[in-house]
Amino acid sequence: MSRTQRMKCLLLHDSDPRYDEVLSENGIQITNLSVLETSVLDLDHSSDHSLSKHDGIIISSKHGAKFLIKNGIDISGKSLAIVGPATAKIVKRYAQQFDDVTMVWEENAALLSQTILSSFPRSYSWVFCCGSKARVMGVLPRALLENNVKLEQLMVYTVEKRHQFDKDLSLLEIGAFQAVVFFSPSGVEFTGEILRGKLSEACVLVAFGKSTATALSLSLGDKFVIKICEHPTPLGVLDVLMSL
C-alpha cells in the first residue's frame, strides 16, 4: 500500500471523474492525457442498408452509441449486444423509445462474444458498429466468425491521434510515472514508440483488455512489464495498481 500511495500514474484517456475520484481517494497521483480524436459519421444509404438488413447490432464503444443517437437509427425489433456498462447505459436510454428491443451487455469483448454465441441463434446476422481502427480479427469478430456467425463490420466513426498530443506530452515529466494505463489498441498504436524512450524501465504498463495487451506486447513488451486490467472500470484499474 505504501508504494501505491506514492504512485504517479499516467492515464492515456480523457479526464473522467469516475477514475479521478477512485484513484485519487486511494492515494494515487494521476495525470490524464487524451490521445485520440474521434468523429462520428453521418448515416448514408450504404450504412442504413447494413443496419436494417441484420438481426442484431454490436456496439463496443460510446462512439458507436453516439452514431445511433446522432442519426436517429430505428432499432425497433433489433437485438443489441454492447461492450461496457457506460455504453450500455447510453444505449438503454436511447432504446426506450423503440419497441421490441432485446439488449445484452458484458464488461469486455471476450465475454460479449460468449454471450452472443450462447444466447442467440447461430443463424442470426450481426452488424458491428466500429471505428476506423477496428481490427478484422479482434477478439469479438474472430470469435463470431470462427463459429460461423454472419458478421459485417460497419465503420461509424473515425479515429486519429489528437493534434495537440505530442505538445502536451512534451510538457510532462514522463520518466517520473510508475504506471501508464492504455485504454485501447489505437492508443498503443499512436503512443507506443513515442513513449519507449521516455518512460523509466521500471514503469509498469496497464492494458485495458486482451486486445490492448496484445498491442502493447508487440510494441513495448520487450522492454516493459505489462499487466492486464480484465474489468474496464475504475475499480478494475485500482485493483491492478494496488497489486504492483
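Everything here concerns the structure above.
Since we're looking at a predicted model, the values are computed, not measured.

*Asks:* Account for the overall build of the protein, naming residues and giving values.
*Replies:* A tally of helices and strands in the protein yields 11 helices and 11 strands. The C-alpha radius of gyration computed for the protein amounts to 19 Å, which stays within 12% of the reference 18 Å derived for 244 residues, consistent with globular compactness. Based on the C-alpha atoms only, the size of the protein along its principal axes is roughly 50 × 35 × 35 Å. Burial statistics for the protein: of 244 residues in total, 47% are counted as buried. Counted over contacts in the protein with a minimum sequence separation of 6, partners at least 24 positions apart contribute 65%. When the accessible area of the protein is evaluated, it comes to approximately 11900 Å², of which 49% is carbon and sulfur surface.

*Asks:* I'd like a rundown of the packing of aromatic side chains, residues and numbers included.
*Replies:* Applying the stated criterion to the full structure yields seven aromatic pairs. Ring centres of F120 and Y124 lie 5.6 Å apart, and the angle between their planes is 35°; on these two criteria the pair is classed as tilted. Residue classification places Y124 among the partly exposed residues on the basis of a relative accessible area of 22%.

*Asks:* Any details on the pairing of strand β8 (residues 150–161)? Residues and values, ideally.
*Replies:* The two faces of a sheet get side chains in turn, since along a regular strand they alternate between them. As judged from the five bridges shared by strand β3 (residues 36–40) and β8, these two strands associate in the antiparallel manner. Each residue of the ladder has a partner; that of T38, found in β8, is V159.

*Asks:* Hey, could you go over the packing of helix α2 (residues 17–25) against helix α11 (residues 234–242) for me, with residue numbers and the actual values?
*Replies:* Two numbers describe how α2 lies on α11: the axes approach to 9 Å, and their chain directions differ by 35°. For the pair α2 and α11, the crossing hand works out as right-handed. In contact with R18, Y19, V22 and L23 of α2, α11 contributes P234, L235, V237, L238 and L241. A per-class count over the contact of α2 with α11 returns eight nonpolar, no polar and one charged.

*Asks:* Before we move on, could you go through the nonpolar core and cite the residues and values that matter?
*Replies:* Among the nonpolar cores identified, the biggest contains 44 residues, and L12 and L205 are the most heavily contacted of them. In this structure, L12 is in contact with L33, V35, F165, V180, V181, F182, F183, T191 and L195, ignoring residues within four places of it in sequence.

*Asks:* How would you explain the environment of I82 if you had to name every residue and give the values?
*Replies:* For I82, the location among the structural elements is in strand β5 (residues 79–83). Overall, I82 belongs to the buried group, its relative accessible area being 0%. Linking I82 and S24, residues 58 residues apart in sequence, is a C-alpha distance of 29 Å.

*Asks:* How would you explain the pattern of salt bridges if you had to name every residue and give the values?
*Replies:* Under the counting rule described, the total for this entry stands at eight salt bridges. Across the salt bridge formed by E152 and K53, the nearest N and O atoms sit 3.8 Å from each other. Of this pair, E152 sits in strand β8 while K53 sits in helix α3 (residues 45–53); the two residues are 99 residues apart in sequence, bridging distant segments of the chain. The closest approach of N and O atoms between R196 and D222, which form a salt bridge, is 2.9 Å. With R196 in helix α9 (residues 185–196) and D222 in the loop between α10 (209–220) and β11 (225–229), this pair connects stretches of sequence that are 26 residues apart. Among the residues examined, D222 registers a relative accessible area of 62% and is labelled exposed. Salt bridges sharing common partners tie together E193, R196 and D222.

Calculation rules
- Counting starts from 1 at the beginning of each chain's written sequence and moves along it residue by residue.
- Per-residue local features are limited, in this predicted model, to residues with pLDDT of at least 70; the limit for side-chain atom pairs, both in listing and counting, is 80 or more; totals at the level of whole chains, interfaces and linings are taken over all residues.
- Derived side-chain values reflect all non-hydrogen atoms in the structure, with water molecules and hydrogen atoms excluded from consideration.
- Every helix listed is a DSSP run of H or I at least four residues long, and every strand listed is a run of E at least two residues long, numbered separately from the N terminus.
- Our radius of gyration is a C-alpha quantity, and the globule rule it is checked against amounts to 2.2 Å times the number of residues to the power 0.38.
- Each residue is assigned to one of three classes by its accessible area relative to the maximum for its type, calculated with a 1.4 Å probe on protein chains only: buried under 20%, partly exposed between the two thresholds, exposed over 50%.
- A contact between two residues is defined here by any heavy atoms of the two lying within 4.5 Å.
- Surface exposure here means Shrake-Rupley accessible area, sampled with a 1.4 Å probe, where a residue is shielded only by the protein chains that are shown.
- Each Phe, Tyr or Trp ring (for Trp, its six-membered ring) is paired with any other whose centre lies within 6.5 Å, and the angle between the two planes then decides the class: stacked below 30 degrees, edge-to-face above 60, tilted in between.
- Here, a strand pair is defined by DSSP locating no fewer than two bridges between the strands.
- Interaxial angles span 0 to 180 degrees and are taken between N-to-C directions of axes, which are lines fitted to C-alpha atoms, for helices over the stretch in contact.
- Working rule for handedness: look at the near helix, and if it is turned counterclockwise from the far one by less than a right angle, call the crossing left-handed; if clockwise, right-handed.
- All amino acids are sorted into three groups, where Ala, Val, Leu, Ile, Met, Phe, Trp, Tyr, Cys and Pro are nonpolar, Asp, Glu, Lys and Arg are charged, and the leftover types, Gly among them, are polar.
- The set of buried Ala, Val, Leu, Ile, Met, Phe, Trp, Tyr and Cys residues whose side-chain atoms join them within 4.5 Å is what this entry labels a nonpolar core.
- Here a salt bridge means any side-chain nitrogen of Lys or Arg lying within 4 Å of a carboxyl oxygen belonging to Asp or Glu.

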